[in-house]
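The residues making up each chain are set out below.
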Amino acid sequence: MKCRQQFQLLLGLSFTWTLAISDLEFNVQFVEQVLSNVNDSVDPCEDFHSYACGNWSDNYKDTQNYLDMPGYMDYKYNTQLLRVLQMQHQQGDIYDLLWSYYVSCRDLKDPALNEFLHLLEPQLQLEWPIFKSNHSDVWRNETQFDWLATLAKLRSYGLNGVFIKQDVNVRRENGSHYVIMLMPQSADERPLIEQNILDLYVAFGVDELLAKNLTAKLMQFEWQLGNLTRHMELQLMNNLVEWTLPELQQRLPQIDWSHYLLNLLEQPPDALQLLQVSSLNESYLQQLQLIVKQSSNETICYYLMFKLLYALTEELPVGSVKETRSIPCLLQLRGHMPLAMHFLYETHYYGSRRERTDAALQRLQQKLSLELERLLQQNHLQLNAEEQAYVLDELRSLRLKIGNLPPRLSMQQVLEYYKDLQLQDNDFYGNKLQLLKFYQRREQQLLANRPTWDYYQQDAFVARSSSPVKIFQNAVLLPHGYLQLPLYDARLSELLQHAQLGFILAHELQHAFDLFHIVYDARGNYNMTGLAVLQHFANFTSCYTSVHNAQQLLLSESMADIVGLRLAFASYFDHAESVERPHDRYTQQQLFFINSVQFLCANMQQIRADSITEDVEHGMHNERVNRNWPHHEHFAKAFNCTVGQAMYQPHSCRLW
């Protein structure tokens with residue numbers, strides 16, 4: 001009983017790792033924990049998700065902090081990091097910097113967006129019109145407002161996609177070379193809400209009658225921009241060209257690009273710097289200039305200001321009191337300072353088990369890769385020799401990156417990385433602006449195209465997630481967060497490892513060859529052979545869409561599910577050296593399928609009650625499982641599903 005209690009703590013939020021039990025007993029208890037999520041009253045052939053995960057919400061009840069297994073894994077990981085910060089913050093070094101931001105976020109009273117605006121005025125060299133002492137007066141910057149420079153400078157603080165969208169991207173023909181990418185404003189740009197803008201004007205102290213007038217001007221400006229972006233989108237401009245700065249200026253003279261880049265990069269742009277231009281043409285820029293010229297500088301500045309405030313709203317801490325802000329502020333740290341947070345987890349949790357865990361994970365990844373190679377040799381897609389070689393080259397060069405950290409990273413290296421930050425525990429707004437700008441400067445450093453250490457910079461949204469992801473550099477990035485119970489432990493049996501994390505890794509492996517990535521080769525270069533391989537996917541897409549109404553995003557994810565499940569299953573059952581001890585109620589194949597969906601278990605009742613919107617890429621957890629798992633030919637056999645039952649798929653769709 002004592003061992004069982006310790007194991008339950010380990011599956012929960014205990015920070016203990018080593019248990020004084022045998023590997024056999026460890027696996028027995030793990031299976032018991034998995035099976036405790038099963039709802040036997042549900043027919044697995046009618047609703048497999050409700051069967052395999054039906055009791056999950058009875059075992060994971062903290063709906064304030066998570067609603068599904070990925071959410072639980074994130075919550076557990078966040079809690080571990082928070083404990084480190086609380087225990088180590090007086091140790092100096094990187095702990096001091098992290099603690100300063102955390103405290104400034106946690107203890108912030110009455111969050112106010114206008115504080116950001118005040119701090120930005122000196123850097124923008126302007127007075128926001130909202131801060132005029134008399135709102136009926138002419139704005140002091142009306143005759144000298146440089147909207148292009150302001151737009152470029154605000155890019156450092158998270159404003160993007162207004163008038164012009166600017167990112168750092170890789171070249172199409174050279175995936176190791178970074179360039180500046182320029183695009184028009186998207187038709188999907190988050191719109192201003194009229195009542196929301198009116199309320200903000202009034203909150204800033206503007207007379208209601210004047211506020212209505214200013215709001216009307218702003219909404220007219222937005223309407224004109226919306227018409228322009230929708231019109232341009234209908235033209236389906238998908239051209240992608242690369243020009244030097246002089247070439248860009250010659251071809252698109254409506255914008256002073258040197259001036260824009262000078263303010264964006266805070267240094268004179270290199271005339272030889274390549275610029276990638278996508279769907280941006282003279283017609284768009286001419287009409288944009290016309291809209292701008294027809295509007296007052298004050299209206300343009302208000303437009304940029306409110307767009308900035310919309311973006312910065314997402315940066316304020318969630319929760320009204322500091323007791324409810326611990327995890328949200330910790331999450332902000334994960335997004336803004338991921339390298340430091342990875343370093344903390346590696347130092348205090350993962351480092352002690354890295355050698356054994358890494359070895360087990362690399363073996364698992366190798367088995368999955370070899371299984372896909374075996375399928376390629378069967379050549380179900382009827383690829384020619386060149387096409388097969390193309391896929392094999394990418395497969396054999398695909399690497400598994402465990403934890404997004406350079407090897408043997410030292411504290412001194414971490415401090416050097418963050419040396420330009422001066423964070424204070426009583427200056428949340430200043431800290432936030434520093435960190436937003438820090439990210440943009442780090443991204444712009446990629447333009448130097450110098451060799452970098454083994455670390456992948458991700459935007460804050462992605463960095464806050466513990467989910468594995470296939471990244472463009474032909475690697476599967478496996479963050480620390482999933483490398484613990486109840487998802488993974490190196491002591492788990494081969495069956496259990498293949499069923500859950502093996503499936504997750506195989507899913508990401510397939511993303512190297514999905515509808516979007518297949519056209520990029522092992523070096524990240526756009527390749528016509530990949531385009532030829534893509535044509536062979538037609539039978540799969542036709543098969544799948546004939547059964548399910550799937551858009552392209554959902555189709556790629558479903559493809560990864562179906563292929564991933566096949567790889568994980570075959571790499572174990574087709575090569576198992578010995579049959580593991582059978583469970584008294586479930587066959588090995590049944591255990592495999594039950595365990596394979598545990599990371600998709602969720603409190604579906606609460607999710608529906610909260611009206612949480614569907615994940616457009618994956619679909620709802622239950623729908624995803626019930627839609628894709630029947631496409632494995634052994635699923636119906638394992639659970640004795642028959643024709644007419646929901647989980648019976650008479651014509652399973654196969655890719656490789």
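What comes next is a walk through the structure. As the structure is a computational prediction, the values presented were derived from the model and not from experiment.

Take the environment of Thr215 next. In this structure, Thr215 sits in helix H10 (residues 208-234). Remark: the alpha-carbon pair of Thr215 and Asp146, spanning 69 residues in sequence, is separated by 22 Å. Discounting chain neighbours no more than four positions away, the residues touching Thr215 are Glu194, Ile197, Leu198 and Tyr201.

Within the open sheet, the 4 strands sit side by side as E1-E2-E4-E3. Their pairing is mixed. Strand pairing shows two members of the sheet lacking a second neighbour, strand E1 (164-170) and strand E3 (240-243), which therefore form its edges. Averaged over all pairs of adjacent strands, the angle between strand axes in this sheet comes to 30°, irrespective of strand direction. Of the pairings in the sheet, the one linking E3 to strand E4 (residues 275-278) comprises 4 bridges and is antiparallel in character. Bridged to Val241 within E4 is Val277.

What follows deals with the nonpolar core. The biggest cluster of nonpolar side chains holds 203 residues, and the ones touching the most others in it are Phe48, Phe163, Trp257, Met337, Tyr418 and Trp656. Here the element with the most residues in this core is helix H14 (residues 297-313); it accounts for 11 residues. Non-local contacts of Tyr418, meaning those with residues more than four positions away in its chain, are made with Ile94, Leu97, Met337, Pro338, Leu339, Ala340 and Phe438. Leu67, Ala602, Met604 and Ile607 belong to the second largest nonpolar core, which has 5 residues in total.

Turning our attention to the packing of helix H5 (residues 69-88) against helix H16 (residues 338-350). Following both chains from N to C, one finds H5 and H16 inclined at 85°, their axes separated by 10 Å at the closest point. With respect to H16, the element H5 is oriented roughly perpendicular. Counting all contacts with H5, which are made through Tyr77, Gln80, Leu81, Arg83, Val84, Leu85 and Gln88, the residues of H16 involved are Met341, His342, Leu344, Tyr345, His348 and Tyr349. In terms of residue class, the contact of H5 with H16 is made up of 8 nonpolar, 4 polar and 1 charged.

Here the focus is empty space enclosed by the protein. On inspection of all chains with the given rule, the structure shows 5 cavities of 30 Å³ or more. Every residue lining the largest cavity is listed: Glu394, Lys470, Phe472, Asn474, Ala512, His517, Tyr520, Asp521 and Gly524. Counted by class, the lining of the largest cavity contains 3 nonpolar, 3 polar and 3 charged residues. Quantified by volume, the second largest cavity comes out at close to 50 Å³. What lines the second largest cavity is Phe30, Gln33, Val34, Asn37, Tyr60, Met69, Pro486, Gln500 and Gln598. Broken down by element, the lining of the second largest cavity gets its largest block of residues, 3 residues, from helix H2 (residues 23-35). Here the residues of the lining of the second largest cavity are counted per class, giving 5 nonpolar, 4 polar and no charged.

Examined against the element boundaries, Asn78 turns out to sit in helix H5. Residue Asn78 is classed as buried on the basis of its relative accessible area of 3%. Those residues in contact with Asn78, other than ones at most four positions away along the chain, are Ile327, Leu330, Leu331 and Arg334.

Taken as a whole, this structure holds 28 salt bridges when the rule is applied. Salt-bridge contacts for Asp358 lead to Arg354; the nearest nitrogen and oxygen are separated by 2.6 Å. Linking Asp358 with Arg354, this pair stays in helix H17 (residues 354-378), spanning 4 residues, or about one helical turn. Asp358 sits in the buried class, given a relative accessible area of 17%. For the salt bridge of Arg399 with Asp454, the shortest nitrogen-to-oxygen distance reads 3.0 Å. Pair noted here: Arg399 is in strand E5 (residues 399-402) and Asp454 is in the loop between helix H20 (428-445) and helix H21 (460-463), with a separation of 55 residues, a long-range link. Taken together, the salt bridges that share partners define one network made up of Arg155, Lys165 and Asp167.

To continue, consider helix H9 (residues 194-203). Restricting attention to buried positions, one finds in H9 the residues Ile197, Leu198 and Tyr201. One side of H9 carries all its buried residues, which in axial view fall inside an arc of 100°. Immediately downstream of H9, the backbone of Gly205 shows phi near 100°, a positive value.

With that settled, consider the packing of aromatic side chains. For the structure on display, the rule yields 46 aromatic pairs. Judged by centre distance (6.0 Å) and plane angle (90°), the ring pair of Phe513 and Trp656 falls under edge-to-face. Of this pair, Phe513 sits in the loop between helix H22 (494-511) and helix H23 (528-535) while Trp656 is found in the segment after helix H29 (633-639), placing the two residues 143 residues apart along the sequence. The class for Trp656 is buried, based on a relative accessible area of 3%. Above the face of the Tyr526 ring, Arg172 is positioned so that its terminal group lies 4.0 Å from the ring centre. Across the ring face of Phe26, the terminal group of Arg491 is positioned such that the distance to the ring centre comes to 4.2 Å.

Let us look at the pairing of strand E2 (residues 178-184). The element E2 is largely enclosed, with a buried count of 7 among its 7 residues. Relative to E2, E1 runs antiparallel, the two being bridged by 7 bridges. Bridge assignment links Val168 to a residue of E2, and that residue is Ile180.

For the rest of this paragraph, the subject is the sheet that holds E5. Read across the sheet, 3 strands follow the order E5-E7-E6 without closing on themselves; strand pairing throughout is mixed. Two strands close off the open sheet at either side, each with one partner strand: E5 and strand E6 (469-471). Across the sheet, the mean angle from the axis of one strand to that of its neighbour is 30°, orientation sign disregarded. Across the sheet, H17 touches E5 and strand E7 (475-478), and the angle it forms with E5 is around 155°.

On to the state of the cysteines. Summed over the entire model, instances satisfying the criterion amount to 4 disulfides. Between Cys45 and Cys641 runs a disulfide, and the two sulfur atoms are separated by 2.1 Å. Negative torsions about the S-S bond denote left-handed disulfides, and the value of about -90° found for Cys45 with Cys641 makes this one left-handed. You can see Cys45 sitting in the loop between H2 and helix H3 (48-53) and its partner Cys641 sitting in the segment after H29, a full 596 residues away along the chain. In this model Cys105 forms its disulfide with Cys329; the gap between the sulfur atoms is 2.1 Å. Judged by the sign of its S-S torsion, about -80°, the bond between Cys105 and Cys329 is left-handed. Of the two residues, Cys105 sits in helix H6 (residues 93-106) while Cys329 sits in helix H15 (residues 326-336), which places them 224 residues apart along the sequence. Note on accessibility: Cys105 and Cys329 belong to one class, buried. Counting only the cysteines that form disulfides, in the order they appear in the protein chain, gives the pairing 1-7, 2-6, 3-4, 5-8.

Thresholds, definitions, all that
- Residues numbered from 1 in each chain as written.
- Predicted model: local features only at pLDDT ≥ 70, side-chain atom pairs only at ≥ 80, totals over all residues.
- Heavy atoms only, no water.
- Helix = DSSP H or I, 4+ residues; strand = E, 2+ residues; numbered from the N terminus.
- Contact = heavy atoms within 4.5 Å.
- Pairing = 2+ DSSP bridges.
- Axes fitted to C-alpha atoms, helices over the stretch in contact; angles between N-to-C directions.
- Core = buried A, V, L, I, M, F, W, Y, C linked by side-chain atoms within 4.5 Å.
- Buried < 20%, exposed > 50% of the residue type's maximum accessible area, 1.4 Å probe, protein only.
- Parallel < 35°, antiparallel > 145°, perpendicular 65-115°, else oblique.
- Nonpolar A, V, L, I, M, F, W, Y, C, P; charged D, E, K, R; others polar.
- 1 Å grid on protein atoms, 1.4 Å probe; cavity = no way out; pocket = protein on both sides within 12 Å on 5 of 7 lines; lining within 4 Å.
- Points joined across faces, edges and corners; volume = space filled by probe spheres on them.
- Salt bridge = Lys/Arg side-chain N within 4 Å of Asp/Glu carboxyl O.
- Arc of directions from axis to C-beta.
- Phe/Tyr/Trp six-rings, centres within 6.5 Å; stacked < 30°, edge-to-face > 60°.
- Lys NZ or Arg CZ within 6 Å of the ring centre and 35° of its normal.
- Disulfide = S-S within 2.5 Å.

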